[in-house]
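Breakdown of the fold
Here's the letter readout for the chains.
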Amino acid sequence: MSRAFVKEPDGDQADTDLPERPQSGLPNYISPTGLARLNDRLGELSRERDALKADDSLAAKNRLKPVEQELRYWQQRVQAAIPIDPATQPADAIRFGATVDLLGEDNKKYTFTIVGEDEADPANNRISWASPLAKALMGKQIDDVVIWERPNGELELEIAGFEYRNR
C-alpha cells in the first residue's frame, strides 16, 4: 500500500499509542522498603500526569502518553507485589532480604543484598533474587561454596556470613 494515503501526525497532534512495557513474568517479591518506593513513584507519576492533563501545550500532550504508559507499568508492578519482610526470614539459611558476605578465590571480599527485581541496583550491591548469583546463594549457609557465573568467567565464592539487616 502506498504511504500517500496514510494519515500521519502533522505537527499539531500528539502521538497516540505506545506499546506496553512487558512485565517479567516472575513473582514480584519485594521488601517493604521497595514497595514504599514503588508507591512513591506511583504518586510522582500521578502528579505528573495530572499536571500534563491540565496543560494544553503540544509538548505536554506528547509527554502525557509516555507518563501514562509508565504509570500503568508501575501500577501493575505494585498490584503484583508480594512483600517479604526480611525481619520475618528464618536466620538458618540465606533467603530473600539477606545481606551476604562472600570471599572470592581471589581473596576479594564481596557483599550483596538479595532484593526484588524492582529494587535491584548492582552498582550498590543490591542483586535481584532472580539473578544467577542470588539463586546460587539461596538456601546456603556460612562456609558453603557457590559458583558465581559471570560474563568474564566463573568465580568460586565462600559464604563468610549473612544477616537480615532489617531485623
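See above for the structure.
My aim in this report is to walk through the structure given alongside it, one point at a time.

How each quantity is defined
- Residues numbered from 1 in each chain as written.
- Predicted model: local features only at pLDDT ≥ 70, side-chain atom pairs only at ≥ 80, totals over all residues.
- Heavy atoms only, no water.
- Helix = DSSP H or I, 4+ residues; strand = E, 2+ residues; numbered from the N terminus.
- Buried < 20%, exposed > 50% of the residue type's maximum accessible area, 1.4 Å probe, protein only.
- Contact = heavy atoms within 4.5 Å.
- Areas by Shrake-Rupley, 256 points an atom, 1.4 Å probe, with all protein chains shown as cover.
- Phe/Tyr/Trp six-rings, centres within 6.5 Å; stacked < 30°, edge-to-face > 60°.
- Core = buried A, V, L, I, M, F, W, Y, C linked by side-chain atoms within 4.5 Å.
- Pairing = 2+ DSSP bridges.
- Axes fitted to C-alpha atoms, helices over the stretch in contact; angles between N-to-C directions.
- Salt bridge = Lys/Arg side-chain N within 4 Å of Asp/Glu carboxyl O.

1. A closer look at the overall build of the protein
Per the secondary structure count, the protein includes 3 helices and 7 strands. Reading the protein from its N end, one meets helices and strands in the order β-α-α-β-β-β-β-α-β-β. Taken across its 167 residues, the protein has 34% of its residues classed as buried. Long-range contacts, defined as pairs at least 24 residues apart, comprise 58% of the intrachain contacts of the protein with a sequence gap of at least 6. With the model as given, the accessible surface of the protein reaches about 10,200 Å², and the carbon-plus-sulfur share is 49%.

2. So, the packing of aromatic side chains
A complete count under the given rule lists 7 aromatic pairs for this structure. Between Tyr29 and Trp129 the ring centres are 4.9 Å apart and the planes differ by 70°, which places this aromatic pair in the edge-to-face class. Of this pair, Tyr29 sits in strand E1 (residues 28–30) while Trp129 is found in the loop between strand E5 (126–128) and helix H3 (132–137), placing the two residues 100 residues apart along the sequence. Residue classification places Tyr29 among the partly exposed positions, given a relative accessible area of 26%. Since its relative accessible area comes to 14%, Trp129 is described here as buried. What links up through ring pairs into an aromatic cluster is the set Tyr29, Phe96 and Trp129.

3. Some thoughts on the nonpolar core
Counting 23 residues, the largest nonpolar core has Ile94, Val100, Leu102, Ile114, Leu137 and Leu157 as its most contacted members. If you list the elements that add at least two residues to this core, you get strand E3 (99–104), strand E4 (109–115), H3, strand E6 (145–150) and strand E7 (153–163). For Val100, the residues in contact, after removing those within four places along its chain, are Ile94, Tyr110, Thr111, Phe112, Ile114, Leu137, Ile159, Gly161 and Phe162.

4. Structural notes on the sheet that holds E3
Within the open sheet, the 5 strands sit side by side as E5-E4-E3-E7-E6. Their pairing is mixed. On the outer flanks of this sheet lie E5 and E6, each paired with one strand and no other. Averaged over all neighbouring strand pairs, the angle between strand axes comes to 45°, with direction disregarded. Pairing geometry for E3 and E7, over 6 bridges, is antiparallel. The partner of Gly104 across the bridge, within E7, is Leu157.

5. Some words on the pattern of salt bridges
For the coordinates displayed, the defined rule picks out 10 salt bridges. For the salt bridge of Glu117 with Arg77, the shortest nitrogen-to-oxygen distance reads 3.5 Å. Here Glu117 is found in the loop between E4 and E5, whereas its partner Arg77 is found in helix H2 (residues 58–79), with 40 residues between them in sequence. Classification of Glu117 as partly exposed rests on a relative accessible area of 24%.

6. Here's the deal with unusual backbone geometry
Positive phi, normally seen in glycine, also occurs at Asn125, with a value near 60°. Within the secondary structure layout, Asn125 lies in the loop between E4 and E5. Taking relative accessible area as the criterion, Asn125 reaches 36% and is therefore assigned partly exposed. Non-glycine residue Asp143 carries a positive phi angle of around 80°. With respect to the helices, strands and loops of the structure, Asp143 is situated in the loop between H3 and E6.

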